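Listed below are the residues making up each chain.
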Amino acid sequence: MKNISIYQSNNISSSILSKCLKLYFFIFFCWIFLYPNLSYAINFDDIPNTSFEKKINITKDILKTENGHIQTCELEVCICNIDDSLNVEGDEMINFVVTYRVDIIPTWNSESPAWPDEAAHFSWIGGANHNSNVKFWEVGTLASQGIDLLSVTGNTRDLVSEVQTEISNNNAENLINIQHWFCPDGITHQACGELSFEIDVSEDFPLVTLASMLGPSPDWFIGVESLSMVDGDGLFIPKITYELYPYDAGILSDNSVLIGDCCGREPLSVPQENIHLITTESGETIGPGSLGQIVFTAISPTLTIGTSELLNSVIEIYPNPVSRNLHIQTELLDFQISIFNLKGSLLYMESNKSLIDVTQFSNGLYLLEITDKKTKNKLIKKIVVEK
C-alpha cells in the first residue's frame, strides 16, 4: 500500500517546482520580448520550410542572402514563416500589374448599312482579364448564358456571374462591368456615357475579353476575345488598337435591325447557332465592316514597346538586386531617370545621374525608366531593392 502522506507531499513539491519554473520562464520571455532596444537575427540557411511563432505583433524585414534567408525582427515580435520556395528571383515572385485606359471609338453612323434609329449604341460592356484556362466567348462555339443575355438585351448580369465563377477558380482576376451606353456621334440618349474607362491587367492574367451588344439588334455584339496585353517576350504592349467587327451570337434568327431598343426573343434559332463573324455572305443587314475601334493604352506606368532594344546596348545598370547604390553606366549625354512603384506612382526623377542611393526605398520591386531626351526612346527595367 502507498504511503499517502509521502505521495501527497511529493506531488505538492513537484507542483510548486513546476509553477516556479513556469513563472521563471514567463519572466525571462517577457524580458526578451519587452526590452525596448532588443533585436535579433535568425539564419535559416540550414532549416528549410521552417515556421515559428512569437505572439506580440512586430514589424518584420525579410532579407535574402545567396545561400538562404535571414529574417530580422526588430521588436515587438513577429510571426515568421520561412519557406525555402521563396529562394527565387524577386521579379519571379511578383504579379506585375499595368493599368490601361480603354477608349471606345464608334465609327458606326447614319451612312453605315442598316443604320437603326436615334437609339443606336454599343450597350453595357462586360468581361474580365484572365488566363488561357478560360474563354468567355469564341467564334465557332455556342454562346454562353452570359453572352446570350448580353447580345439580346444588353444586360451584363449573367456574364458577371460567369466571370465571378472563374475568379473563384483562379482563372480570371478583375471583373469589367461598365453599365452605360457607348454612343456614336449624334446620339444624345440619356443612357449614353463616357467613351473611356480603365482596367488593370497583370502578368498572371494577361488576356482581356470584352463584349457589348449592338443596340438595337436581334443578338449582335462587338468585342475582343482573349486579347493578349503582353508580347511574345512577356512585355506589356503599350498601345493596342483593335477593329470592332460585328458578331452574331446565334440566339435569334432575325437578321434585321430591330425597330426601337431590345429586348424581344422571337424568333429563336432552333437549334442555336454558333457565334460567327457577320459577313456579306452571312446575310445580316449590319456590317460587314468595322463599326469602330477599341484602343488600349498603358498609363501606369507608361511603357514604350521596342525602345528597350535601342538603349540596351548603350546602358548598363548594376547591381540588381541592389542594397545601397545603383550604378548607371551609359553613353547617353542627356537622359532622364524615373523610378516608379508597381502602382505606377512616380517616386524619383533626376537627370544625368550615374549613381542612385536606393536606401530611401523600402525593400521590393520597382520600375526604373531611362529616357533619352534627344530621341525620346525609353529603357524600362525591373529593379529589386534588398537592404
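Residues numbered from 1 in each chain as written. Predicted model: local features only at pLDDT ≥ 70, side-chain atom pairs only at ≥ 80, totals over all residues. Heavy atoms only, no water.

Undergrad: Summarise helix α2 (residues 145-153); cite the residues concerned and give the values.
TA: Most of α2 is tucked away: seven of the nine residues are buried. If you check which residues of α2 are buried, you get G146, I147, D148, L149, L150, S151 and V152. As for α2, its buried residues are in contact with β7 (121-130), α3 (157-168), β10 (207-215) and β11 (220-228). Just downstream of α2 lies G154, where phi reads positive at about 85°. (Buried < 20%, exposed > 50% of the residue type's maximum accessible area, 1.4 Å probe, protein only. Helix = DSSP H or I, 4+ residues; strand = E, 2+ residues; numbered from the N terminus. Contact = heavy atoms within 4.5 Å.)

Undergrad: Summarise the sheet that holds β10; cite the residues concerned and give the values.
TA: Pairing in this open sheet of six strands is antiparallel, and the strands run β8-β7-β10-β11-β13-β14 from one edge to the other. In this open sheet, the two strands that pair with only one neighbour each are β8 (172-178) and β14 (276-277). Here β7 runs beside β8; their pairing, made up of six bridges, is antiparallel. Looking at the pairing, H130 lines up with A172 of β8. Each of β7, β10 and β11 touches α2; the most contacted strand, β10, lies at about 35° to it. Strand contacts of α3: β7 and β8, with the helix running at about 165° to β8, the strand carrying the most contacts. (Pairing = 2+ DSSP bridges. Axes fitted to C-alpha atoms, helices over the stretch in contact; angles between N-to-C directions.)

Undergrad: Describe the sheet that holds strand β9 (residues 196-202), and please don't skip the residues or the numbers.
TA: Read from one edge to the other, the open sheet built from four strands follows the order β9-β6-β15-β12, with strand pairing classed as antiparallel. With one partner strand each, in any of the chains shown, β9 and β12 (239-243) form the two edges of the open sheet. If you compare each strand with its neighbour and ignore which way they point, the axes differ by 25° on average. Relative to strand β15 (residues 292-300), β12 runs antiparallel, the two being bridged by five bridges. Bridge pairing in β15 links T241 to V295.

Undergrad: So what's going on with the pairing of strand β16 (residues 315-318)? Which residues, and what values?
TA: Here four bridges tie β16 to strand β17 (residues 325-330), and the two strands are oriented antiparallel to one another. Along β17, the bridge assignment pairs I317 with I328. Between β16 and β17, which pair antiparallel in sequence order, lie six residues.

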